[in-house]
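Read off the chains here:
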Amino acid sequence: MNVSQWIRPEIRDLSAYHVPDAQHLIKLDAMENPYHWDEPTLKLWLQTMAKTAVNRYPDAHAIELKQQLKKSMVVPEGSATILGNGSDELIQMLMLAMAGDGHKILTLEPSFVMYKMLATITGMEYLGISLNQQDFSLNLPAFLQAIEQHQPALIFLAYPNNPTGNLFDVSAIERILRAAHGFVVIDEAYAAFADHSFIDKLPLYSNLLVMRTVSKIGLAGLRIGLLAGAPDVIAELEKVRLPYNINVLSQVTALFALQQAPLAQQTAQICHDRQQLFAELTQLRGVAVWPSQANFLLLRVNHAQQVFNQLKQQGILIKNLHGSHPLLDNCLRVTVGKPEENQQFLTALREIVANHG
Ligand SMILES: *Cc1c(COP(=O)(O)O)cnc(C)c1O
């Protein structure tokens, strides 16, 4: 069988999304919440699960869960919502609905890698405008120029941005919202750790879509994302969504967790520990660290690959970004873990950079 005869060339050229084996490692690579729930909460959850009819299809519209998410995430009245199997699936739905006719997507670089990967898969032309070098701020003149030149169907702005951790200037984003001919998706995967959100601006802009996820607040295993926007566009996306895309165990568990699990306290703890870790990293010679509004920190060292390898040898898995974009030369990304995990990471890093200059 000649596989390559039948597979599209752009798919053959892709590499599958790589997930490293993290067994037996302190896992600080994927922006997960490191905390689970206490025994009484777990017991209650299991009781709820036992009553769940897995022999039946789930609620196709996940009505109860959607209501809870709208409440938890303070989605304004008048905005419609759609759920995805993770926000990754929402990005895919948006592109599937808009691909064709030369429609393009525009975003910033470096940013979330799935925008480019899904553009390739869905056959949309992808354009990335480089962030400013020093502080990863948005280059507004270049971005507005790209909007005029390319008239993208979709603009993606990760807010805070992954992997740089910063929020972009609010007035710059408002300029983009007014200049865009197509839709502007503000991807607020890290909203729970940030000072500012665009969700309350939904009634003001008919081309604004705000995307959220439960992954970073402690429910990464469930795969649930939410997109909020004007009812007419959400209704079109509903036609692209696969029926029953949110399975019943995820629906029941997310509903339970949003009502009963200490997600908000855990998030507050992570924000506190992020500031602590940031302060300690600024003290390390040979390490540069950027302020973050997310649950991770971006660092630059002198020899990122070596530092990454040696941390891994010592049982600590973070993310090596070296080679992924010119602005991320010798950069590493570390997720904020439990205080003791952060301390182990710091201790190991301190020793490694002391030996490698
Ligand atoms: C993690 C992340 C997502 C993906 O979230 P899922 O809901 O787990 O698919 C989306 N956008 C950004 C910017 C992220 O960092």
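See the structure printed just above.
Residues numbered from 1 in each chain as written. Predicted model: local features only at pLDDT ≥ 70, side-chain atom pairs only at ≥ 80, totals over all residues. Heavy atoms only, no water.

Caption draft 1: Quick peek at the overall build of the protein chain. In terms of helices and strands, the protein chain carries 14 helices and 13 strands. The C-alpha radius of gyration computed for the protein chain amounts to 21 Å, which stays within 12% of the reference 21 Å derived for 357 residues, consistent with globular compactness. The principal-axis extent of the C-alpha atoms belonging to the protein chain is close to 60 × 55 × 55 Å. Counting the 357 residues in the protein chain, one finds 53% classified as buried. Sequence-distant contacts in the protein chain: of pairs separated by 6 or more residues, those separated by 24 or more amount to 72%. When the accessible area of the protein chain is evaluated, it comes to approximately 17,000 Å², of which 52% is carbon and sulfur surface. Taken together, the 27 basic and 32 acidic charged side chains of the protein chain have centroids lying 2 Å from each other. (Helix = DSSP H or I, 4+ residues; strand = E, 2+ residues; numbered from the N terminus. Rg over C-alpha atoms; globule rule 2.2 N^0.38 Å. Buried < 20%, exposed > 50% of the residue type's maximum accessible area, 1.4 Å probe, protein only. Contact = heavy atoms within 4.5 Å. Areas by Shrake-Rupley, 256 points an atom, 1.4 Å probe, with all protein chains shown as cover. Lys, Arg positive; Asp, Glu negative; His and termini not counted. Charge placed at Lys NZ, Arg CZ, Asp CG, Glu CD.)

Caption draft 2: Up close: the pairing of strand β8 (residues 225–229). Among the 5 residues in β8, 5 count as buried, and that is most of the element. Side chains of β8 alternate between two faces, with G225, L227 and G229 and L226 and A228 buried alike. By the bridge criterion, 5 bridges tie strand β2 (residues 80–84) to β8 in an arrangement that is antiparallel. By the bridge assignment, T81 is partnered in β8 with A228. (Pairing = 2+ DSSP bridges.)

Caption draft 3: Seen up close, helix α7 (residues 140–150). Within the span of α7, buried status applies to L140, F143, L144, A146 and I147. In an axial view of α7, the angular spread of the buried residues amounts to 155 degrees, which keeps them on one side of the axis. Of the exposed residues in α7, the ones pointing more than 90 degrees away from its buried face are P141 and Q149. Where the residues of α7 are buried, they touch β3 (104–109), β4 (125–130), β5 (154–158) and α8 (170–179). The N-capping residue of α7, defined by a side-chain oxygen 3.3 Å from the backbone nitrogen of A142, is N139. At the exit of α7 stands Q151, carrying a positive phi of roughly 45 degrees. (Arc of directions from axis to C-beta. Polar contact = N/O pair within 3.5 Å; in protein donor to acceptor, adjacent residues only side chain to side chain.)

Caption draft 4: Looking closely at the nonpolar core. By size, the foremost hydrophobic cluster in this structure holds 61 residues, and its most contacted members are W37, L65, L69, F143, I155, L157 and I176. Tallying contributions element by element places helix α11 (residues 248–260) first for this core, with 6 residues. With residues up to four places along the chain from it excluded, the contact list for L157 reads L108, Y115, F143, I173, I176, V184, V185, I186 and D187. Counting residues in each nonpolar core, the second largest holds 28 residues, with I82, L94, M114 and A230 among its members. (Core = buried A, V, L, I, M, F, W, Y, C linked by side-chain atoms within 4.5 Å.)

Spatial relationships are all this shows, so hold off on functional conclusions.
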